[in-house]
Amino acid sequence: MAMTVELPALEPTDGTIAPPATGRLRRWTQPAIGLLLPLGLALAWEVTVWLGFSNGRLVPPPTKIFAAIVELARSGELARHIITTLTRVAAGFGLGVLAGTVLGAISGYWTLARRLLDPTVQALRAIPSIAWVPLFILWLGIFETSKIVLIAVGVFFPVYLGVMGAILSVDRKIVEVGRTFRLSGPAMIRRILLPAVLPAYVVALRVGLGLGWMFVVAAEFMGASEGLGYLLIDGQQLGKPAQIVAAIVIFAILGKTTDWLIEIGSAPLLRWQDAFGRHSGGA
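Residues numbered from 1 in each chain as written. Predicted model: local features only at pLDDT ≥ 70, side-chain atom pairs only at ≥ 80, totals over all residues. Heavy atoms only, no water.

Trainee: Could you clarify how one ought to interpret the packing of aromatic side chains in this entry?
Mentor: Each aromatic ring pair is summarised here by two numbers: the centre-to-centre distance and the angle between the ring planes. Summed over all chains, the structure comprises five aromatic pairs. Measuring from ring centre to ring centre gives 5.2 Å for Phe156 and Phe157, while their planes differ by 75 degrees; the resulting arrangement is edge-to-face. Overall, the relative accessible area of 12% leaves Phe156 in the buried class. The interplanar angle of 80 degrees and the centroid separation of 6.1 Å between the aromatic rings of Trp213 and Phe251 together place this pair among those described as edge-to-face. Of this pair, Trp213 sits in helix 9 (residues 185-220) while Phe251 sits in helix 11 (residues 241-266); the two residues are 38 residues apart in sequence, bridging distant segments of the chain. Members of the aromatic cluster, joined through ring pairs, are Trp132, Phe136 and Trp139. (Phe/Tyr/Trp six-rings, centres within 6.5 Å; stacked < 30°, edge-to-face > 60°. Buried < 20%, exposed > 50% of the residue type's maximum accessible area, 1.4 Å probe, protein only. Helix = DSSP H or I, 4+ residues; strand = E, 2+ residues; numbered from the N terminus.)

Here it is in C-alpha coordinates:
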(Lines give C-alpha, C1' and ligand atoms only; values in the text may rest on other atoms or scores of the structure.)
Protein backbone atom coordinates (compact mmCIF):
# COMPACT_ATOMS: atom_id res chain seq x y z
CA MET A 1 0.00 0.00 0.00
CA ALA A 2 1.43 3.34 -1.08
CA MET A 3 1.80 6.01 1.56
CA THR A 4 1.58 9.65 0.66
CA VAL A 5 2.73 12.61 2.73
CA GLU A 6 1.02 15.94 2.36
CA LEU A 7 3.23 18.97 2.93
CA PRO A 8 1.68 22.18 4.24
CA ALA A 9 1.47 24.99 1.75
CA LEU A 10 4.29 27.48 2.07
CA GLU A 11 3.22 31.00 2.84
CA PRO A 12 5.30 34.06 2.03
CA THR A 13 7.31 35.33 4.93
CA ASP A 14 8.40 38.81 5.86
CA GLY A 15 11.67 38.26 3.99
CA THR A 16 10.09 38.11 0.53
CA ILE A 17 11.43 40.42 -2.12
CA ALA A 18 9.50 43.64 -2.47
CA PRO A 19 7.76 44.30 -5.80
CA PRO A 20 9.64 46.45 -8.28
CA ALA A 21 7.23 49.34 -7.75
CA THR A 22 7.94 49.33 -4.02
CA GLY A 23 11.67 49.25 -4.69
CA ARG A 24 11.45 52.24 -7.00
CA LEU A 25 9.35 54.15 -4.45
CA ARG A 26 11.86 53.42 -1.70
CA ARG A 27 14.69 54.60 -3.96
CA TRP A 28 13.08 58.05 -4.11
CA THR A 29 11.70 58.29 -0.57
CA GLN A 30 14.92 57.41 1.27
CA PRO A 31 16.93 60.38 -0.11
CA ALA A 32 13.93 62.64 0.55
CA ILE A 33 14.06 61.74 4.25
CA GLY A 34 17.45 63.45 4.45
CA LEU A 35 15.80 66.76 3.48
CA LEU A 36 13.48 66.74 6.49
CA LEU A 37 16.05 68.05 8.97
CA PRO A 38 17.42 71.04 6.96
CA LEU A 39 13.94 72.00 5.70
CA GLY A 40 12.54 71.72 9.20
CA LEU A 41 15.29 73.93 10.64
CA ALA A 42 14.82 76.47 7.86
CA LEU A 43 11.06 76.59 8.46
CA ALA A 44 11.54 76.94 12.20
CA TRP A 45 13.94 79.87 11.74
CA GLU A 46 11.60 81.54 9.25
CA VAL A 47 8.73 81.30 11.74
CA THR A 48 10.96 82.57 14.56
CA VAL A 49 11.86 85.71 12.60
CA TRP A 50 8.28 86.18 11.37
CA LEU A 51 6.96 86.04 14.97
CA GLY A 52 9.48 88.69 16.04
CA PHE A 53 11.61 86.56 18.36
CA SER A 54 14.66 87.58 16.27
CA ASN A 55 15.28 90.42 13.86
CA GLY A 56 17.15 88.13 11.45
CA ARG A 57 19.84 90.72 10.78
CA LEU A 58 22.95 88.63 11.43
CA VAL A 59 21.32 85.29 10.55
CA PRO A 60 18.82 86.06 7.76
CA PRO A 61 15.70 83.91 7.32
CA PRO A 62 15.51 81.52 4.36
CA THR A 63 13.36 83.91 2.31
CA LYS A 64 16.10 86.58 2.34
CA ILE A 65 18.75 83.99 1.57
CA PHE A 66 16.70 82.72 -1.37
CA ALA A 67 16.21 86.31 -2.56
CA ALA A 68 20.00 86.86 -2.45
CA ILE A 69 20.56 83.70 -4.52
CA VAL A 70 17.95 84.79 -7.07
CA GLU A 71 19.54 88.23 -7.33
CA LEU A 72 22.99 86.74 -7.93
CA ALA A 73 21.55 84.34 -10.49
CA ARG A 74 19.78 87.09 -12.42
CA SER A 75 22.93 89.17 -12.65
CA GLY A 76 24.90 86.18 -13.96
CA GLU A 77 27.40 86.33 -11.09
CA LEU A 78 26.24 83.12 -9.45
CA ALA A 79 26.91 80.89 -12.46
CA ARG A 80 30.33 82.48 -12.99
CA HIS A 81 31.36 81.98 -9.35
CA ILE A 82 30.04 78.40 -9.25
CA ILE A 83 31.83 77.41 -12.47
CA THR A 84 35.09 78.93 -11.22
CA THR A 85 34.92 77.10 -7.89
CA LEU A 86 33.89 73.80 -9.50
CA THR A 87 36.81 74.04 -11.94
CA ARG A 88 39.28 74.61 -9.12
CA VAL A 89 37.90 71.76 -7.03
CA ALA A 90 37.87 69.37 -10.01
CA ALA A 91 41.47 70.16 -10.94
CA GLY A 92 42.74 69.97 -7.35
CA PHE A 93 40.76 66.80 -6.66
CA GLY A 94 42.16 65.10 -9.74
CA LEU A 95 45.76 65.93 -8.86
CA GLY A 96 45.31 64.98 -5.21
CA VAL A 97 43.65 61.66 -6.04
CA LEU A 98 46.35 60.77 -8.56
CA ALA A 99 49.23 61.50 -6.19
CA GLY A 100 47.51 59.97 -3.15
CA THR A 101 46.57 56.79 -5.01
CA VAL A 102 50.04 56.21 -6.48
CA LEU A 103 52.02 56.95 -3.32
CA GLY A 104 49.50 55.19 -1.08
CA ALA A 105 49.62 52.06 -3.23
CA ILE A 106 53.42 52.09 -3.29
CA SER A 107 53.66 52.59 0.48
CA GLY A 108 51.09 49.90 1.18
CA TYR A 109 52.53 47.29 -1.18
CA TRP A 110 56.24 47.92 -0.67
CA THR A 111 57.58 47.86 2.89
CA LEU A 112 60.78 49.76 2.11
CA ALA A 113 58.85 52.58 0.43
CA ARG A 114 56.49 52.79 3.41
CA ARG A 115 59.36 53.10 5.86
CA LEU A 116 60.94 55.74 3.66
CA LEU A 117 57.87 57.85 2.69
CA ASP A 118 55.29 57.44 5.42
CA PRO A 119 57.05 59.32 8.29
CA THR A 120 57.49 62.40 6.08
CA VAL A 121 53.92 62.25 4.79
CA GLN A 122 52.55 61.94 8.32
CA ALA A 123 54.61 64.93 9.44
CA LEU A 124 53.34 67.02 6.51
CA ARG A 125 49.77 65.94 7.25
CA ALA A 126 49.98 67.62 10.66
CA ILE A 127 50.65 71.04 9.11
CA PRO A 128 47.51 73.26 9.17
CA SER A 129 46.10 74.08 5.76
CA ILE A 130 46.37 77.82 6.28
CA ALA A 131 50.13 77.44 6.86
CA TRP A 132 50.61 76.44 3.23
CA VAL A 133 49.00 79.63 1.91
CA PRO A 134 51.93 82.10 2.25
CA LEU A 135 54.39 79.50 0.97
CA PHE A 136 52.33 78.71 -2.13
CA ILE A 137 51.81 82.41 -2.81
CA LEU A 138 55.58 82.93 -2.61
CA TRP A 139 56.33 79.95 -4.85
CA LEU A 140 53.43 80.00 -7.32
CA GLY A 141 51.91 83.47 -7.08
CA ILE A 142 48.28 84.32 -6.38
CA PHE A 143 46.85 82.91 -9.60
CA GLU A 144 45.16 79.58 -10.35
CA THR A 145 48.20 77.33 -9.91
CA SER A 146 48.61 78.06 -6.20
CA LYS A 147 44.89 77.57 -5.56
CA ILE A 148 44.75 74.22 -7.35
CA VAL A 149 47.88 72.96 -5.60
CA LEU A 150 46.46 73.91 -2.20
CA ILE A 151 43.26 71.98 -2.92
CA ALA A 152 45.32 69.01 -4.14
CA VAL A 153 47.24 69.01 -0.85
CA GLY A 154 43.97 68.76 1.08
CA VAL A 155 42.75 65.87 -1.07
CA PHE A 156 46.06 63.99 -1.08
CA PHE A 157 46.34 63.00 2.59
CA PRO A 158 43.03 61.14 3.11
CA VAL A 159 43.40 59.34 -0.21
CA TYR A 160 46.98 58.34 0.61
CA LEU A 161 46.03 57.07 4.06
CA GLY A 162 42.94 55.30 2.77
CA VAL A 163 44.80 53.41 0.03
CA MET A 164 47.79 52.49 2.18
CA GLY A 165 45.63 51.43 5.14
CA ALA A 166 43.32 49.39 2.94
CA ILE A 167 46.23 47.49 1.38
CA LEU A 168 47.80 46.82 4.76
CA SER A 169 44.48 45.53 6.14
CA VAL A 170 43.91 42.95 3.38
CA ASP A 171 43.45 39.52 4.94
CA ARG A 172 46.76 37.65 4.76
CA LYS A 173 44.97 34.34 4.15
CA ILE A 174 43.47 35.69 0.92
CA VAL A 175 46.91 36.71 -0.29
CA GLU A 176 48.26 33.28 0.59
CA VAL A 177 45.51 31.70 -1.51
CA GLY A 178 46.62 33.83 -4.45
CA ARG A 179 50.21 32.73 -3.95
CA THR A 180 49.08 29.11 -3.75
CA PHE A 181 47.50 29.48 -7.18
CA ARG A 182 50.75 31.09 -8.37
CA LEU A 183 49.18 34.39 -9.37
CA SER A 184 51.58 36.88 -10.87
CA GLY A 185 52.05 40.34 -9.38
CA PRO A 186 49.58 42.09 -11.73
CA ALA A 187 47.07 39.25 -11.34
CA MET A 188 47.39 39.42 -7.55
CA ILE A 189 46.65 43.13 -7.65
CA ARG A 190 43.73 42.80 -10.08
CA ARG A 191 42.00 39.75 -8.60
CA ILE A 192 42.72 40.05 -4.87
CA LEU A 193 44.09 43.41 -3.73
CA LEU A 194 41.92 45.67 -5.88
CA PRO A 195 38.53 44.20 -4.82
CA ALA A 196 39.64 44.17 -1.18
CA VAL A 197 40.85 47.78 -1.29
CA LEU A 198 37.99 49.26 -3.33
CA PRO A 199 35.44 49.86 -0.51
CA ALA A 200 37.96 51.75 1.63
CA TYR A 201 39.20 53.59 -1.46
CA VAL A 202 35.70 54.92 -2.19
CA VAL A 203 35.45 56.17 1.40
CA ALA A 204 38.86 57.84 1.04
CA LEU A 205 37.70 59.56 -2.16
CA ARG A 206 34.61 60.93 -0.40
CA VAL A 207 36.68 62.19 2.54
CA GLY A 208 39.21 63.73 0.17
CA LEU A 209 36.46 65.44 -1.79
CA GLY A 210 35.04 66.92 1.41
CA LEU A 211 38.46 68.30 2.32
CA GLY A 212 38.80 69.61 -1.21
CA TRP A 213 35.67 71.72 -0.73
CA MET A 214 37.06 72.97 2.58
CA PHE A 215 40.45 73.84 1.09
CA VAL A 216 38.92 75.70 -1.85
CA VAL A 217 37.68 78.36 0.57
CA ALA A 218 41.22 78.89 1.89
CA ALA A 219 42.46 78.87 -1.72
CA GLU A 220 39.98 81.52 -2.78
CA PHE A 221 41.04 83.73 0.10
CA MET A 222 44.37 84.09 -1.75
CA GLY A 223 43.53 87.17 -3.79
CA ALA A 224 40.69 85.59 -5.78
CA SER A 225 38.28 87.80 -7.73
CA GLU A 226 35.92 84.95 -8.63
CA GLY A 227 34.48 81.93 -6.85
CA LEU A 228 32.17 81.20 -3.96
CA GLY A 229 34.97 82.00 -1.50
CA TYR A 230 35.14 85.46 -3.04
CA LEU A 231 31.40 85.84 -2.37
CA LEU A 232 32.09 85.12 1.30
CA ILE A 233 34.76 87.82 1.51
CA ASP A 234 32.68 90.28 -0.48
CA GLY A 235 29.68 89.70 1.77
CA GLN A 236 31.81 90.24 4.86
CA GLN A 237 33.37 93.46 3.59
CA LEU A 238 30.05 94.92 2.40
CA GLY A 239 28.07 93.76 5.41
CA LYS A 240 25.77 91.36 3.51
CA PRO A 241 25.00 88.42 5.80
CA ALA A 242 22.40 87.07 3.35
CA GLN A 243 25.09 86.78 0.68
CA ILE A 244 27.44 85.02 3.10
CA VAL A 245 24.85 82.46 4.15
CA ALA A 246 23.78 82.02 0.52
CA ALA A 247 27.36 81.15 -0.44
CA ILE A 248 27.54 78.68 2.46
CA VAL A 249 24.28 77.04 1.36
CA ILE A 250 25.56 76.72 -2.21
CA PHE A 251 28.78 75.17 -0.90
CA ALA A 252 26.70 72.61 1.00
CA ILE A 253 24.56 71.79 -2.05
CA LEU A 254 27.54 71.41 -4.38
CA GLY A 255 29.48 69.37 -1.85
CA LYS A 256 26.60 66.96 -1.26
CA THR A 257 25.91 66.66 -5.00
CA THR A 258 29.51 65.76 -5.85
CA ASP A 259 29.66 63.30 -2.95
CA TRP A 260 26.45 61.71 -4.24
CA LEU A 261 27.98 61.39 -7.71
CA ILE A 262 30.93 59.45 -6.28
CA GLU A 263 28.54 57.26 -4.31
CA ILE A 264 26.35 56.31 -7.27
CA GLY A 265 29.36 56.03 -9.59
CA SER A 266 31.02 53.48 -7.31
CA ALA A 267 27.84 51.51 -6.54
CA PRO A 268 28.15 49.16 -9.58
CA LEU A 269 31.71 48.31 -8.53
CA LEU A 270 30.60 47.34 -5.00
CA ARG A 271 27.57 45.19 -5.82
CA TRP A 272 29.46 42.08 -4.71
CA GLN A 273 29.49 43.34 -1.11
CA ASP A 274 27.22 41.48 1.30
CA ALA A 275 27.41 44.29 3.83
CA PHE A 276 25.01 45.09 6.66
CA GLY A 277 24.10 48.55 5.41
CA ARG A 278 23.15 47.36 1.91
CA HIS A 279 20.32 45.16 3.19
CA SER A 280 19.15 46.51 6.52
CA GLY A 281 18.73 50.16 5.63
CA GLY A 282 20.00 51.07 9.07
CA ALA A 283 19.94 49.57 12.53
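Trainee: Explain the side chain of Lys147 to me, please; I cannot follow it from the model alone.
Mentor: As for its position among the elements, Lys147 is in helix 7 (residues 144-168). Of the side chains bearing the opposite charge, Glu144 lies closest to the buried Lys147, which forms no salt bridge; the N-O distance is 5.0 Å. In contact with Lys147, other than residues within four places in its own chain, are Arg88, Ile142, Ala219, Glu220, Met222 and Ala224. (Lys, Arg positive; Asp, Glu negative; His and termini not counted. Salt bridge = Lys/Arg side-chain N within 4 Å of Asp/Glu carboxyl O. Contact = heavy atoms within 4.5 Å.)

Trainee: What am I meant to see in the pattern of salt bridges here?
Mentor: Applying the stated rule across the entire model yields six salt bridges. Between Glu226 and Arg80 there is a salt bridge; the shortest N-O distance is 3.1 Å. Here the residue Glu226 occupies a position in the loop between helix 9 and helix 10 (228-237), and Arg80 occupies one in helix 4 (residues 77-109), the gap between them amounting to 146 residues. Assessed through its relative accessible area of 28%, Glu226 is described here as partly exposed. Residue Arg80 is classed as partly exposed on the basis of its relative accessible area of 35%. The partner of Glu144 in a salt bridge is Arg88, with the nearest N and O atoms 2.7 Å apart. Here Arg88 lies in helix 4 and Glu144 lies in helix 7, a separation of 56 residues in the sequence. Overlapping salt bridges, with partners in common, bring together Arg206, Lys256, Asp259 and Glu263 in one network.

Trainee: Looking at this structure, how should I read helix 5 (residues 111-125)?
Mentor: Each α-helix winds once per 3.6 residues, and so residues spaced three or four apart point in a common direction. Taking 1.5 Å of rise per residue, the 15 residues of helix 5 would be expected to cover 21 Å, and the 20 Å separating its terminal C-alpha atoms lies within 8% of that figure. Roughly 35 degrees is the biggest bend found in helix 5, and it falls at Leu117, with proline Pro119 one to four residues downstream. Every buried residue of helix 5 is listed here: Ala113, Asp118 and Val121. (Expected span 1.5 Å × (residues − 1). Bend = angle between axes of the 7 residues up to and from the residue.)

Trainee: Honestly, the nonpolar core in this entry has me stumped. Any pointers?
Mentor: Inside soluble globular proteins, nonpolar side chains tend to come together where they are buried. Formed by 49 residues in total, the largest nonpolar core has its most connected members in Leu150 and Tyr201. Every element with two or more residues in this core is listed here: helix 4, helix 6 (129-140), helix 7, helix 9, helix 10 and helix 11. Top contributing element to this core by residue count: helix 9, with 15 residues. Tyr201 has contacts with Val97, Thr101, Val159 and Val163, leaving out every residue within four places of it along the chain. (Core = buried A, V, L, I, M, F, W, Y, C linked by side-chain atoms within 4.5 Å.)

Nothing here speaks to function; it is all geometry.
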